[in-house]
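Overview (structure and organization)
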Amino acid sequence: MIKFVLMVNRQGQTRLSRYYQPVELSSRAVLEADVVRCCLSRKKDQCSFVEYKDFKLIYRQYAALYIVVGVTDSENELSVYELVHNFVEVLDKYFSRVIMFNLDRVHIILDEMIQNGHIVETNKSRILAPLTALDKMADS
């Protein structure tokens with residue numbers, strides 16, 4: 001099961017966070033800082049799967065952006081690794097350039113892919129269907 005998804009920049013600033021299990025607000029900042037420090041300190045030739053406390057971290061770097069997913073021990077690391085890549089491909093398909101000004105849209109995409117910590121959709125067209133409908137309504 002997926003516990004959380006984080007998007008962070010190279011400086012370690014969290015750009016997006018989505019939690020699928022309750023985490024107190026006060027401990028989120030500490031958790032995010034610790035997780036980001038753990039992933040950013042690794043070298044490029046090291047594995048993208050990290051054992052961290054009572055769960056695993058799967059991360060991928062795209063340019064200056066890191067996407068980090070925290071999962072339970074029973075989750076398949078490779079499927080989550082591919083999910084991250086699929087997520088980035090969907091973002092790339094929808095946004096031409098800047099995604100940081102459209103975080104509401106990024107949350108919609110993430111919610112179409114993951115619900116309650118489980119992967120529910122990977123088809124790019126079906127993931128983007130609600131956003132396409134919203135864009136058509138806004139244009140008319």
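Here we summarise the structure given alongside this text. (Residues numbered from 1 in each chain as written. Predicted model: local features only at pLDDT ≥ 70, side-chain atom pairs only at ≥ 80, totals over all residues. Heavy atoms only, no water.)

**Here we look at the nonpolar core**
Quick note on the threshold: What we call a nonpolar core is a set of buried Ala, Val, Leu, Ile, Met, Phe, Trp, Tyr and Cys residues that are connected through their side-chain atoms within 4.5 Å. Burial classes: relative accessible area under 20% of the type maximum marks a residue as buried, over 50% as exposed, and values in between as partly exposed (1.4 Å probe, protein chains only). Secondary structure elements follow DSSP: runs of H or I of four or more residues count as helices, runs of E of two or more count as strands, with numbering from the N terminus. Should any heavy atoms of two residues lie within 4.5 Å, those residues are counted as being in contact.
Formed by 26 residues in total, the largest nonpolar core has its most connected members in Ile2, Val5, Met7, Phe87, Ile109 and Ile114. Listing elements by their share of this core, those giving two or more residues are strand 1 (2-9), strand 5 (65-71), helix 2 (77-94), helix 3 (103-113) and helix 4 (124-139). The element best represented in this core is helix 2, accounting for seven residues. Residues in contact with Val5, not counting those within four places in the same chain, are Leu16, Ser17, Arg18, Tyr20, Ile67, Val68, Val69, Leu110 and Ile114. Counting residues in hydrophobic clusters, the runner-up holds 15 residues, among them Phe4, Val50, Tyr59 and Val68.

**Examining the packing of helix 2 against helix 3**
Here is the rule: Fitted lines through C-alpha atoms give the axes, limited to the stretch in contact for helices. The angle between two N-to-C directions lies from 0 to 180 degrees. Orientation categories follow fixed angle ranges, with anything under 35 degrees roughly parallel, anything over 145 roughly antiparallel, 65 to 115 roughly perpendicular, and all other angles oblique. Handedness of a crossing is defined here by the sense of rotation of the near helix relative to the far one, left-handed for an anticlockwise turn of less than a right angle and right-handed for a clockwise turn.
Taken N-terminus to C-terminus, the directions of helix 2 and helix 3 make an angle of 135°; their axes are 11 Å apart at the nearest point. Between helix 2 and helix 3, the interaxial angle falls into the category oblique. You can see that helix 2 and helix 3 cross each other, and the crossing is right-handed. Every residue of helix 3 that contacts helix 2 at Leu83, Asn86, Phe87, Val90, Leu91 and Tyr94 is listed here: Arg105, Val106, Ile109, Leu110 and Met113.

**What to know about helix 3**
Rules: It is the directions from the helix axis to the C-beta atoms whose arc is reported.
By the burial criterion, the buried members of helix 3 are Arg105, Val106, Ile109, Leu110 and Met113. Looking straight down helix 3, one finds that the buried residues subtend no more than 140° of arc, so they occupy a single side. Residues of helix 3 that are buried sit in contact with strand 1, strand 2 (14-19), helix 2, strand 6 (114-115), strand 7 (118-119) and helix 4.

**Quick notes on the pattern of salt bridges**
When charged atoms on two side chains of opposite charge get close, those side chains can pair. Cut-off, in case you're wondering: The term salt bridge refers to a side-chain nitrogen of Lys or Arg lying within 4 Å of a carboxyl oxygen of Asp or Glu.
Scanning all chains against the criterion turns up seven salt bridges. Here Asp54 makes a salt bridge to Lys3, at a shortest N to O gap of 3.8 Å. Of this pair, Asp54 sits in the loop between strand 3 (49-52) and strand 4 (55-62) while Lys3 sits in strand 1, and the two are 51 residues apart along the sequence. By relative accessible area, Lys3 is classed as buried at 14%. A salt bridge links Asp135 to Arg105, with the nearest nitrogen and oxygen atoms 2.8 Å apart. Taken together, the residues span a long stretch of sequence, with Asp135 in helix 4 and Arg105 in helix 3 at a distance of 30 residues.

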